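Chain and residue survey
Now for the letters of each chain:
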Amino acid sequence: MFADERDLFLALLFVAELLTSIRVLLRPHRQPATRIAWLVVIHMLPLVGMLTYLLFGEVYLGQRLSRQFRRAKKQLPAKAEWQLSLDLPDVYLPLFKLAYSISGFLPVGGNRASLPADSNAVIDQLVTDIAQAQQHVHIVFYIWLPDHNGSKMVEAIQDAALRGVQCRVLVDSLGSRSLIHSKHWQTMQAAGVKLAQALPIGKLPPFTGRIDVRNHRKIVVIDQQITYCGSQNCADPAFLPKAAFAPWVDMMLRFEGPIAQQNQYLFASDWMMHVREDLSALLKQPAPTSLDSTVWAQILGTGPTVRASAVSEMFTLLIHSARQQLFITTPYYVPDESMHNALCTAAYRGVEVKIIFPARNDSWIVSAASRSYYASLLQAGVQIYEYTGGLLHAKTLTFDGQISMIGSANLDRRSFDLNYENNMLIYSDIVTAQILARQQEYLAGSKPVTLKQVQAWRLPRRLWNNSIAILGPLL
């Protein structure tokens, strides 16, 4: 009888493995490496592998959020059609066309940008701008901590709401859980701030949605005239949940001008996905007046409801477009094959390519996977540096002194396929020079990594890094 029960169990396990494998093979928008990685996990560790796939293998928002997303999409006004009569160099038009195909936003000129000195200066400027708001303050943060900077922002939002400014705050339910469960959440609500949680975790995942699909965006829009874009969460640089890696070093740009309306649209799409409040009338208002500036900018909003691997497409084209110099900073590097090959190819064809990673990463898994790519990058001529002054969290790209990209997206599979991200593509020699100068400051606080050093790594370390990299498509 015992043998019969065992045989039945093994037969059921085989059928379950077979059906799960077929599902993996039939899922759309999957790269072969991702399919292979999941098949290996499922067949090496059948029960654990199948359960892991059910929880983390497919991007699924759940029926309720999917329904609300479709409703919000119908309510939002149509975006502009692409127009070729733009005052942009022809050589850069493909970049902005690709971004348009992803988000539907046109590049707009007449913006003014400034780069605060550091994370604390960003919060101080935000508090000043919120204090001067007349109509509305709209905020999205992945992480908002109830620490010193977080509390300053809470007070600023409360004061604005009490004097009649429409304040709406959307935070990720997982990343900002400490704020949500603190007294500040209730005091903001009592002051009249409209609050919402993005992607709440249901009680029955995966049926209520995949739990690690997160809203990783950092958006601030004030009076449809001022907006912010970058890597910074609403927190102290000390970042108490992971204080061992502090300070966290971020970059956040402040913009004035028509580009604010595009971030407004992105905020509204997120808000209406979670709150039954129609903000479409706000988006139909005239765009902010163009300023006396030649800064062109375009918002790139990505996520699981946008076409697969849009982030990877954008970064890969940016890398291929560089002709002389390419400078990247990112805390996490788990690329797909096309992006990694693009970086190597750029160095091979004579572009000066520099990348700065943090010397100490808050994710030991991602750190190992990232370092598995060092050898091939260095062999191609890419210059690799590791920042030693804290966790370099800034996600920046500049090339040829004119084009830059800044935002929330990392160069990893999570940003490519899972997270809701917001980036900004910029054409401006002035703004690019500001970002490049900050990148040079990071470089001064970094140590170069040489091919000789990487080749000297001991066998266990190389074996570990490369083994973790096999799971790169799943990270």
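Predicted model, so just to flag it, every value in this text is computed and none were measured. (Residues numbered from 1 in each chain as written. Predicted model: local features only at pLDDT ≥ 70, side-chain atom pairs only at ≥ 80, totals over all residues. Heavy atoms only, no water.)

Attention now moves to the overall build of the chain. Along the backbone of the chain there are 19 helices and 17 strands. A compact globule built from 475 residues should have a C-alpha radius of gyration of about 23 Å, and the chain, at 23 Å, falls within 12% of that. By principal-axis analysis of the C-alpha atoms, the chain measures approximately 75 × 55 × 45 Å. Of all 475 residues assigned to the chain, the portion counted as buried reaches 58%. Once local pairs closer than 6 in sequence are excluded, the contacts in the chain between residues at least 24 apart make up 82%. With the model as given, the accessible surface of the chain reaches about 20,600 Å², and the carbon-plus-sulfur share is 59%. For the chain, the separation between the mean place of its 44 positive charges and that of its 36 negative charges on side chains is 4 Å. (Helix = DSSP H or I, 4+ residues; strand = E, 2+ residues; numbered from the N terminus. Rg over C-alpha atoms; globule rule 2.2 N^0.38 Å. Buried < 20%, exposed > 50% of the residue type's maximum accessible area, 1.4 Å probe, protein only. Contact = heavy atoms within 4.5 Å. Areas by Shrake-Rupley, 256 points an atom, 1.4 Å probe, with all protein chains shown as cover. Lys, Arg positive; Asp, Glu negative; His and termini not counted. Charge placed at Lys NZ, Arg CZ, Asp CG, Glu CD.)

The subject of this paragraph is the packing of aromatic side chains. One pass over the full model with this rule turns up 12 aromatic pairs. Measuring from centroid to centroid gives 5.9 Å for F141 and W144, while their planes differ by 85 degrees, and the two rings are edge-to-face. For the pair F141 and W144, one class covers both residues: buried. Members of the aromatic cluster, each reached through a chain of ring pairs, are Y333, F357, Y373, Y374 and W457. Here the guanidinium or amino end of R461 rests over the ring plane of W457, the centre of that ring lying 4.0 Å away. (Phe/Tyr/Trp six-rings, centres within 6.5 Å; stacked < 30°, edge-to-face > 60°. Lys NZ or Arg CZ within 6 Å of the ring centre and 35° of its normal.)

With that settled, the discussion passes to a nonpolar patch on the surface. A surface patch of nonpolar side chains, about 610 Å² in accessible area, is lined by F14, V15, L18, L19, I22 and L26. Checked against the element boundaries, F14 lands in helix α1 (residues 2-26). (Patch = residues over 30% accessible without salt bridge, like charges linked within 9 Å, V, L, I, M, F, W, Y side chains within 5 Å. Salt bridge = Lys/Arg side-chain N within 4 Å of Asp/Glu carboxyl O.)

Right, let's get into unusual backbone geometry. Omega for the peptide link from A246 to P247 comes to 0 degrees, which places this bond in the cis form. As for its placement among the helices and strands, P247 is situated in the loop between β6 (226-230) and β7 (248-249). Residue D400 is not a glycine yet carries a positive backbone phi of 55 degrees. If you trace the backbone, D400 turns up in the loop between β14 (396-399) and β15 (403-407). Since its relative accessible area comes to 17%, D400 is described here as buried.

On to a positive patch on the surface. A cluster of basic residues, R64, R67, R70, K74 and R276, forms a positive patch on the protein surface. Looking at the element boundaries, R276 is found in the loop between α10 (259-274) and α11 (280-283).

A separate point is helix α19 (residues 459-470). Here α19 is 12 residues long and its end C-alpha atoms lie 17 Å apart, about the 16 Å a rise of 1.5 Å per residue gives. When we look at burial in α19, the residues that qualify are N465, I468 and A469. For α19, the angular spread of the buried residues around the axis is 105 degrees, confining them to a single face. Within α19, the exposed residues directed more than 90 degrees away from the buried face are L459, P460, L463 and I470. (Expected span 1.5 Å × (residues − 1). Arc of directions from axis to C-beta.)

Now for the pattern of salt bridges. Under the counting rule described, the total for this entry stands at 12 salt bridges. Among the salt bridges present, the one from K242 reaches D362, with a minimum N-O distance of 2.7 Å. Note that K242 is positioned in the loop between β6 and β7 and D362 in the loop between β11 (352-358) and α14 (364-371), a separation of 120 residues in sequence. The class of K242 is partly exposed, set by a relative accessible area of 33%. A relative accessible area of 15% places D362 in the buried class. Salt-bridge contacts for E256 lead to R254; the nearest nitrogen and oxygen are separated by 2.9 Å. E256 gets classed as partly exposed once you look at its relative accessible area, which sits at 21%. The exposure class assigned to R254 is buried, which follows from its relative accessible area of 12%. Counted as one network, the salt bridges with shared partners bring together D129, R254 and E256.

The interhelical angle for the contact between helix α6 (residues 119-131) and helix α7 (residues 148-162), taken along N-to-C directions, is 10 degrees, at an axis separation of 9 Å. Between α6 and α7, the crossing angle belongs to the class labelled roughly parallel. Together, N120, I123, D124, L126, V127 and I130 of α6 and N149, K152, M153, A156, I157 and A160 of α7 make up the contact between the two elements. Taken together, the residues that form the contact of α6 with α7 break down as 8 nonpolar, 2 polar and 2 charged. (Axes fitted to C-alpha atoms, helices over the stretch in contact; angles between N-to-C directions. Parallel < 35°, antiparallel > 145°, perpendicular 65-115°, else oblique. Nonpolar A, V, L, I, M, F, W, Y, C, P; charged D, E, K, R; others polar.)

This part is about the packing of α7 against helix α9 (residues 183-190). Where α7 meets α9, the closest approach of the two axes is 9 Å, and the angle between their N-to-C directions is 15 degrees. Between α7 and α9, the crossing angle belongs to the class labelled roughly parallel. Of the two elements, α7 crosses α9, and the hand of that crossing is left-handed. Taking contact as the criterion, the partners of S151, V154, I157 and Q158 in α7 are, on α9, H184, T187 and M188. A per-class count over the contact of α7 with α9 returns 3 nonpolar, 4 polar and no charged. (Left-handed = near helix turned anticlockwise from the far one by under 90°.)

Taking 1.5 Å as the rise per residue, α6 with 13 residues should run 18 Å; its terminal C-alpha atoms sit 19 Å apart, in good agreement. Turning to α6, its buried residues are S119, V122, I123, L126, D129 and I130. Each buried residue of α6 lies within a common arc of 125 degrees when the element is viewed along its axis, so the set occupies one face. Those residues of α6 that are buried lie in contact with β2 (136-141), α7, β5 (218-222), β6, β7 and β8 (252-256). Between the side-chain oxygen at the start of α6 and the backbone nitrogen of N120 there is a gap of 3.2 Å, and the oxygen is on D118. (Polar contact = N/O pair within 3.5 Å; in protein donor to acceptor, adjacent residues only side chain to side chain.)

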